[in-house]
Amino acid sequence: DQQVKQNSPSLSVQEGRISILNCDYTNSMFDYFLWYKKYPAEGPTFLISISSIKDKNEDGRFTVFLNKSAKHLSLHIVPSQPGDSAVYFCAASADTGGFKTIFGAGTRLFVKA
Amino acid sequence: DVKVTQSSRYLVKRTGEKVFLECVQDMDHENMFWYRQDPGLGLRLIYFSYDVKMKEKGDIPEGYSVSREKKERFSLILESASTNQTSMYLCASNDRGLSEAFFGQGTRLTVV
């Protein structure tokens with residue numbers, strides 16, 4: 001029973017275009033959502049987060065959108081760059097301590113030059 | 001620069017061996033975590049610790065134990081390694097009250 005779902009295992013985008021990575025969740029108690037980026041042979045690194053009291057958070061080329069009624073969030077990368085090629089994990093937690101953060105299966109993004 | 005360091009990048013162990021995975025953080029974080037990453041399953045929490053000598057089970061604790069004798073160090077122990085424990089193991093830490101975690105580089109464990 002996956003509480004956080006990333007239904008697209010992979011995504012391929014041309015350099016300079018927008019990348020949209022999607023994530024769905026089932027637990028309405030989740031109140032904090034995060035995106036992590038992972039390169040091969042490295043640990044995940046935190047990218048951007050959003051609290052359930054917001055519907056959008058922006059950091060440079062990265063924007064996360066949250067639709068609570070649909071239990072859906074998305075990560076937009078504009079413009080996409082080859083260095084963005086990585087696996088992106090969506091994660092959700094129901095507390096601020098991060099004790100029970102639930103991760104999705106990940107989406108592998110390929111940005112073609 | 002914050003750092004979480006795992007003692008080994010790659011390990012190969014035999015079935016039935018006792019395996020120790022070590023993790024050290026230099027950020028004085030209260031919380032430390034052990035996850036395993038498997039294709040199609042994402043990261044799954046094995047155990048976490050919110051203080052020295054304190055530990056809590058995560059979602060998949062069976063076959064594992066942990067030890068936290070010092071604040072900066074969190075060890076994962078496979079009491080008797082089995083082939084289904086072949087995986088990427090990731091250690092992480094964070095501050096109390098924050099959810100963003102800092103991860104180590106991972107240990108790829110193969111049990112043969």
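It should be noted that the structure appears before, not after, this text.
Residues numbered from 1 in each chain as written. Chains lettered and ligands numbered in written order. Predicted model: local features only at pLDDT ≥ 70, side-chain atom pairs only at ≥ 80, totals over all residues. Heavy atoms only, no water.

Enquirer: Would you mind showing me how to read the packing of aromatic side chains here?
Expert: Aromatic ring pairs: the centre-centre distance and the angle between the two ring planes describe each pair. Evaluated as defined, the whole model comprises 12 aromatic pairs over all chains. Judged by centre distance (5.4 Å) and plane angle (80°), the ring pair of Phe103(A) and Tyr35(B) falls under edge-to-face. Remark: Tyr35(B) occurs in strand 4 (residues 31-38) and Phe103(A) occurs in strand 10 (residues 102-103); the pair is interchain, linking two chains. Summarising the burial analysis for this pair, Phe103(A) and Tyr35(B) share the class buried. Between Phe33(B) and Phe48(B), the aromatic rings sit 6.2 Å apart at their centres with planes inclined by 35°, giving tilted as the arrangement. Here Phe48(B) lies in strand 5 (residues 42-49) and Phe33(B) lies in strand 4, a separation of 15 residues in the sequence. A relative accessible area of 1% means that Phe33(B) is categorised as buried. Ring pairing ties together the aromatic residues Tyr36(A), Phe46(A), Phe103(A), Phe33(B), Tyr35(B), Phe48(B) and Phe103(B), which thus form one cluster. (Phe/Tyr/Trp six-rings, centres within 6.5 Å; stacked < 30°, edge-to-face > 60°. Helix = DSSP H or I, 4+ residues; strand = E, 2+ residues; numbered from the N terminus. Buried < 20%, exposed > 50% of the residue type's maximum accessible area, 1.4 Å probe, protein only.)

Enquirer: Where do I start with the state of the cysteines in this structure?
Expert: Put plainly, two cysteines are in a disulfide when a covalent bond ties their sulfur atoms together. For the structure on display, the rule yields two disulfides over all chains. Cys23(A) shares a disulfide with Cys90(A); S-S distance 2.0 Å. Judged by the torsion about the S-S bond (-75°), the Cys23(A)/Cys90(A) disulfide is left-handed. Of the two residues, Cys23(A) is situated in strand 3 (residues 19-25) and Cys90(A) in strand 9 (residues 86-93); the sequence distance between them amounts to 67 residues. Here Cys23(A) matches Cys90(A) in class, with each residue buried. For Cys23(B), the disulfide goes to Cys91(B), at an S-S distance of 1.9 Å. Disulfide Cys23(B)-Cys91(B): torsion about the S-S bond near -75°, hence left-handed. (Disulfide = S-S within 2.5 Å.)

Enquirer: What is the right way to look at the sheet that holds strand 1 (residues 4-6) of chain B in this model?
Expert: Residue and element names in this part refer to chain B. One open sheet accounts for four strands, arranged 1-3-8-7; its pairing is antiparallel. Strands at the two margins of the open sheet, each flanked by one partner only, are strand 1 and strand 7 (64-70). For this sheet, the mean angle separating the axes of adjacent strands, direction not counted, is 20°. Relative to strand 3 (residues 19-25), strand 1 is paired through three bridges, and the arrangement is antiparallel. Across the sheet, residue glutamine 6 finds its bridge partner in strand 3, namely cysteine 23. (Pairing = 2+ DSSP bridges. Axes fitted to C-alpha atoms, helices over the stretch in contact; angles between N-to-C directions.)

Enquirer: Just checking my understanding: could you explain the sheet that holds strand 6 (residues 56-59) of chain A for this structure?
Expert: Residue and element names in this part refer to chain A. Taken in spatial order, the five strands line up as 1-3-8-7-6 in an open sheet, and their pairing is antiparallel. Each having just a single partner strand, strand 1 (4-5) and strand 6 make up the two edges of the open sheet. Relative to strand 3, strand 1 is paired through two bridges, and the arrangement is antiparallel. Its bridge partner being in strand 3, valine 4 is matched across the sheet by tyrosine 25.

Enquirer: What's the story with the interface of chain A and chain B in this structure? I'm lost.
Expert: For interface size, the figure often reported is the accessible area lost on association. Chain A puts 24 residues into the contact, and the matching count from chain B is 25 residues. Taken together, the two surfaces of chain A and chain B that pack against each other cover about 1,800 Å², and 54% of this comes from carbon and sulfur. Summed over the shared surface of chain A and chain B, the number is zero salt bridges. Joining chain A to chain B, the criterion identifies four residue pairs in polar contact (both at pLDDT 80 or more). For the side of chain A that touches chain B, the secondary-structure elements that each account for two or more residues are strand 4 (32-38), strand 5 (45-51), strand 9 and strand 10 of chain A. Take the side of chain A that touches chain B: its biggest share by element is four residues, from strand 4 of chain A. A breakdown of the residues in the side of chain A that touches chain B according to their chemical character gives 11 nonpolar, nine polar and four charged. (Contact = heavy atoms within 4.5 Å. Buried area = accessible area lost by both parts, 1.4 Å probe. Salt bridge = Lys/Arg side-chain N within 4 Å of Asp/Glu carboxyl O. Polar contact = N/O pair within 3.5 Å; in protein donor to acceptor, adjacent residues only side chain to side chain. Nonpolar A, V, L, I, M, F, W, Y, C, P; charged D, E, K, R; others polar.)

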